[in-house]
Amino acid sequence: MKKIKILFSLTIFFSYYQRADATTLTEADTELCDTLKYALISSLREPIDQAVEIIYKDDKRAPDGLTWAAYQTEILKIKQIFGAGGDYDITLLVKPYYRGHITYGEDIIIVRSDGKLVGYKHIKTYPKVDF
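As the structure is a computational prediction, the values presented were derived from the model and not from experiment.

Looking only at helices and strands, the protein chain has three helices and six strands in total. In the protein chain, buried positions account for 29% of the 131 residues. Restricting the contact set of the protein chain to residue pairs at least 6 apart, pairs at least 24 apart contribute 49%. In the structure as shown, the protein chain presents an accessible area of about 9500 Å², 54% of it carried by carbon and sulfur atoms.

Time to look at the packing of aromatic side chains. Within this structure, the stated rule accounts for two aromatic pairs. Centroid distance Tyr98 to Tyr104: 6.2 Å. Interplanar angle 80°. Geometry classified as edge-to-face. There is no split in this pair, since Tyr98 and Tyr104 are both buried. For Arg45, the ring lying beneath its charged end belongs to Trp68, and the centroid distance is 4.3 Å.

Below, the discussion takes up unusual backbone geometry. At Arg99, a position not held by glycine, the phi torsion is positive, near 50°. Along the chain, Arg99 falls in the loop between β3 (97-98) and β4 (102-103). Phi at His101 is positive, roughly 60°, even though this residue is not glycine. Tracing the backbone through its elements, the reader meets His101 in the loop between β3 and β4.

Definitions and limits used
- Residues numbered from 1 in each chain as written.
- Predicted model: local features only at pLDDT ≥ 70, side-chain atom pairs only at ≥ 80, totals over all residues.
- Heavy atoms only, no water.
- Helix = DSSP H or I, 4+ residues; strand = E, 2+ residues; numbered from the N terminus.
- Buried < 20%, exposed > 50% of the residue type's maximum accessible area, 1.4 Å probe, protein only.
- Contact = heavy atoms within 4.5 Å.
- Areas by Shrake-Rupley, 256 points an atom, 1.4 Å probe, with all protein chains shown as cover.
- Phe/Tyr/Trp six-rings, centres within 6.5 Å; stacked < 30°, edge-to-face > 60°.
- Lys NZ or Arg CZ within 6 Å of the ring centre and 35° of its normal.

Keep in mind that these numbers describe shape and distance, not what the molecule does.
In structure tokens form, the structure reads like this:
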């Protein structure tokens, strides 16, 4: 009888036992609220400005005063690179514009959370509109 109780107890224990795997998430899979998103993007203004300047410096058709806006910028990915509490690489889709927010191009810019420009890639150039 005692063996049956022990066997029954072990059966119940293992049937409710759930394994907990402790894996580190390296990318955010939830949406950010707009305020937090714009604050993060705005805090990265210097390296984004640097990337936009580099991307369009040899474009002879690029309009004067090319800039970008945080509310037109999308966060594509946030990747944790050095473990918990470390830095993050933030991949952004930036749409530089001129004059009254006339979009001139699309670029992917990767910035480290410490403010370092990691990389960039020009995606598309739109035709310049002259007035």
